[in-house]
Amino acid sequence: MWSFMLHDLITGAPICPLELDSNQMGRRINDTDTGRSSFTIPSRMSRAQLLSTTQPRSRVLVKRWNGVPRYAHVIKTRTWDERTQSVGLVHEDLRGAITTRRTTFGSNGYSGNLDINNGLVITDTALVSVPALLFWAGSEGPTPNYDLPVYLPEGKLTNALAHSLALPGTYTKTWWDYDGKIVDTAMREVQDLDGGPDVFYEPRYDANGWLQWLMRIGDLSGATADFNMTAAKRKFFDGTWEENDGNAANVLYAFGNGSERGKKVKTAQTSPTLPAAERIVPYGDEESDSILQSHANADLAVWKNPTVQWNGSTFAEVGIRAGGTVRLYHKDHPVHADGWTSLVLLGDSSDLTNQIPLSLQTIGAPG
Amino acid sequence: MSFIATVYPVGRPAAMLTMRGDGPWDDGLVVDADGFKGWNGGVSSHRDVTMRQNRRGAHPVRSYGDPREVRANGFANAATHEDLGSLEERFSLLGGDDVTTVMFRVEEMGRTRWAIGYVDQAVFVPDGTIPSAQFSLQLWFENALKFGEVRTTAAATSATSVNYGNTTASLVHTITGANAGGYTLTSGGKTFTTTQPLVAGIPHTVDMETGDLIVAGVTISGKTTTADLWGVPGGGTVTTTITGGTAKVASTVKDTYS
């Protein structure tokens, strides 16, 4: 069954359990999720305790299934409703609440007027290694209140660890401090490149019940859940399927820096079996031909096929890792081919019931 | 009305309660003459209808049976108030927070049928003056199916299952033996193939009602290449064969009634 615990953001320390009257929260790979909750103030909780334990930005609401963290949202807003005598919370996942509010300045911060330019320098690095370096820049600053309990599989995410694990590659980029770059914005730039890695911050507990986020980067498909749609008692229900060609294109143009005839453009296209559909994607002041071509290739890979969106629900006890593979088995179905269809779990959401609506997509489709 | 019904929390048969339709009137739970409803006969059904536009009628769509609801009302009688108190506590246990499902079994008309359901209501109101009380038990079952005998075939490369019920029975296969490359179950043109290694001493369970492959209590995903499912028709037989190393299959079926 669901239970809730409030934790401190910086340390991950548990603060107190909470009984909620309503709750809606979710998780999404490569994206953010915002949720809402409400609760009646427990009689044991003083005003000071209430205000401390629900302090926006400082506290994290962790939603657990049978004691295991499934969702973790940072509190953004709290409200008081005089009529219902209840406290309302608006909360958002780590990516939305924090990485959109941290810069790439890193441990020395930035105050301008420097003798030399300072920035986050990435040189000849594999794309899959860049998100950890970026996140580190946002989790260290000139004061201790930048710290976050975010871990890589090898240990707590630090500058030294991220650099020691960085794989060699072809990606080179400097985010100068004077550009004022936000971590999440830079992260999305990297993820949108051809071969850009998936990223998901997965909540977990350490041995003492302190909250951590495991930063999963790259291939997130390590878990599989099978649902046999021909079974009398199936655990996947309320399914819908949609094939949408509205955004598909088989000729992609990546526009970069310059104007008129001097504007940099790179093109990618598939063999012309379907009627032509063109799509132009601007990449601002990008001057690198190779990066523009990479964008064009990546965009073509994303958009060459219609978007196939699957939705459906399962039960909380099934427990699928975000980014994992969901397989559906059909036989003699009016729409779906016989056999297994493999999908990726983009995310899910839940309320106080044990039913979990899933957001699924065909593997390889736009994420 | 002559019947004997028993009910107990699943896994706790020692807490069994017995309800009778025809006495004895001085001890135990006795159901009123018209107090036992919902167990016999079918249930209502539901369908999602789409009406034909500018034509008569609707698009054909089959209906599906609703869940079954059963209610038993009657009197509880005991020799002493202490005995009644003991009975009340066993009865109220059924509606307690730590009881998820209950086994409900009814003997009547020369047959015994059972199903596992949920307690919606367990009311017990003592008279106060004599050691007697009124009770009402309301149960909910996820579908209308009732079951009779449970049989398991011997482990072999071919297992024939019989269903003496009147509607399709689901099968649960237990796979033993060993084969590093998994095995294939077949029946009547349908196939279930898994590449999950079969290890001696660690049997697999293939539940054809859910489609789950379970090994050592864990549901295995991503290891089944073909996952056709089959059951045993009412009054019929089905043979399941297995190939793959020394793998053998034992099939369990419950006589199933609608």
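Residues numbered from 1 in each chain as written. Chains lettered and ligands numbered in written order. Predicted model: local features only at pLDDT ≥ 70, side-chain atom pairs only at ≥ 80, totals over all residues. Heavy atoms only, no water.

### Focus on the domain arrangement of chain A
- Assigned domains within chain A: domain 1 (2-94), domain 2 (100-218), domain 3 (224-244 + 307-362) and domain 4 (251-303).
- Between domain 2 of chain A and domain 3 of chain A, the C-alpha centre-to-centre distance is 33 Å. (Domains from an automatic or database assignment.)

### Considerations on the sheet that holds strand β14 (residues 190-194) of chain B
Residues and elements named next belong to chain B.
- The strand order across the open sheet built from five strands is β11-β20-β13-β14-β18, with neighbouring strands paired in antiparallel fashion. Each edge of the sheet is formed by a strand with only one pairing partner; in this case those strands are β11 (158-162) and β18 (224-227). Ignoring strand direction, the axes of neighbouring strands in this sheet form an average angle of 20°.
- As paired elements, β14 and β18 share three bridges and run antiparallel to each other. Within β18, the position partnered with Phe192 by the bridge is Ala227. (Pairing = 2+ DSSP bridges. Helix = DSSP H or I, 4+ residues; strand = E, 2+ residues; numbered from the N terminus. Axes fitted to C-alpha atoms, helices over the stretch in contact; angles between N-to-C directions.)

### A look at the packing of aromatic side chains
- On inspection of all chains with the given rule, the structure shows 18 aromatic pairs over all chains.
- Aromatic side chains A:Trp2 and A:Tyr71 sit 6.1 Å apart centroid to centroid with 45° between the ring planes, which places their arrangement in the tilted category. Here the residue A:Trp2 occupies a position in strand β1 (residues 2-8), and A:Tyr71 occupies one in strand β6 (residues 68-81), the gap between them amounting to 69 residues.
- Taken together, the ring pairs connect B:Phe3, B:Phe36, B:Trp39, B:Phe104 and B:Phe141 into an aromatic cluster. (Phe/Tyr/Trp six-rings, centres within 6.5 Å; stacked < 30°, edge-to-face > 60°.)

### What about the side chain of A:Ser294?
All names here are of chain A.
- As for its position among the elements, Ser294 is in helix α6 (residues 289-303).
- Of the polar contacts made by the side chain of Ser294, one reaches the backbone nitrogen of Asp194; its length is 3.5 Å.
- In this structure, Ser294 is in contact with Leu193 and Asp194, ignoring residues within four places of it in sequence. (Polar contact = N/O pair within 3.5 Å; in protein donor to acceptor, adjacent residues only side chain to side chain. Contact = heavy atoms within 4.5 Å.)

### Topic: the pattern of salt bridges
- With the rule as written, the count across this model stands at 19 salt bridges over all chains.
- Among the ionic pairs, B:Arg151 bridges to B:Asp255, the shortest N-O distance being 2.4 Å. Here B:Asp255 lies in strand β21 (residues 248-257) and B:Arg151 lies in strand β10 (residues 146-152), a separation of 104 residues in the sequence.
- Residues joined by salt bridges that share partners form a network here, namely A:Asp31, A:Arg95, A:Asp184 and A:Arg188. (Salt bridge = Lys/Arg side-chain N within 4 Å of Asp/Glu carboxyl O.)

### Structural notes on the packing of helix α3 (residues 130-139) of chain A against helix α5 (residues 183-191) of chain A
Residues and elements named next belong to chain A.
- With their axes 10 Å apart at the nearest point, α3 and α5 run at an angle of 175° to one another. Here α3 lies roughly antiparallel to α5, going by the angle between them. Between α3 and α5, the contacting residues are Val130, Pro131, Leu134, Phe135 and Gly138 on the first element and Val183, Ala186, Met187 and Val190 on the second.
- Within the contact of α3 with α5, the residues separate by chemical class into eight nonpolar, one polar and no charged. (Parallel < 35°, antiparallel > 145°, perpendicular 65-115°, else oblique. Nonpolar A, V, L, I, M, F, W, Y, C, P; charged D, E, K, R; others polar.)

### A word on the pairing of strand β4 (residues 34-39) of chain A
Residue and element names in this part refer to chain A.
- By the bridge criterion, three bridges tie strand β3 (residues 22-28) to β4 in an arrangement that is antiparallel. Of the residues in β4, the one forming a bridge with Asn23 is Ser37.
- Here β3 hands over to β4 after five residues, with Asn30 in that stretch at a positive phi of 60°.
- The pairing of β4 with strand β7 (residues 86-93) spans six bridges and is classified as antiparallel. Bridging across to β7, Phe39 finds its partner in Val87.

### Examining the sheet that holds strand β16 (residues 251-255) of chain A
Residue and element names in this part refer to chain A.
- Here three strands make up an open sheet; going across it, the order is β17-β16-β18 and the pairing mixed. The open sheet has two free edges, formed respectively by β17 (265-269) and β18 (278-282), since each of these has just one partner strand. Strand-to-strand twist of the sheet, defined as the mean angle between neighbouring strand axes without regard to direction, takes the value 20°.
- Lying over the sheet, α6 contacts β16, β17 and β18, oriented at roughly 30° with respect to β17.

### Things to note about the pairing of strand β2 (residues 14-18) of chain A
Residue and element names in this part refer to chain A.
- Relative to β2, β1 runs antiparallel, the two sharing four bridges. Looking at β2, one finds that Leu6 is bridged to Cys16.
- Between β1 and the antiparallel strand that follows it, β2, lie five residues; Gly12 among them carries a positive phi value of about 85°.

### Regarding the nonpolar core
All names here are of chain A.
- Within the largest apolar cluster, 36 residues are counted, with the highest numbers of intra-cluster contacts made by Phe135, Trp175, Trp213 and Met215.
- Broken down by element, the residue count for this core peaks at seven residues, all from α3.
- Split by domain, this core shows at least three residues from each of two domains, domain 1 (2-94) and domain 2 (100-218).
- Other than its neighbours up to four places away in sequence, Met215 contacts Pro131, Ala132, Phe135, Val150, Tyr151, Leu152, Pro153, Leu157, Met187, Val199, Phe200 and Tyr201.
- Judged by nonpolar contacts, the second largest core, of 31 residues, contains Leu61, Tyr71, Phe227 and Leu343. (Core = buried A, V, L, I, M, F, W, Y, C linked by side-chain atoms within 4.5 Å. Buried < 20%, exposed > 50% of the residue type's maximum accessible area, 1.4 Å probe, protein only.)

### What to know about the interface of chain B and chain A
- Each side of the interface is counted separately: chain B has 15 residues, and chain A has 13 residues.
- A buried area of about 1,100 Å², summed over both sides, lies between chain B and chain A, and 44% of it is on carbon and sulfur atoms.
- Counting the contacts that link chain B with chain A gives four salt bridges.
- In this structure, the connection of chain B to chain A is made through twelve residue pairs in polar contact (both at pLDDT 80 or more).
- Counting residues per element, the side of chain B that touches chain A draws most heavily on β18(B), which supplies four residues.
- Class assignment of the residues belonging to the side of chain B that touches chain A gives a composition of three nonpolar, seven polar and five charged. (Buried area = accessible area lost by both parts, 1.4 Å probe.)

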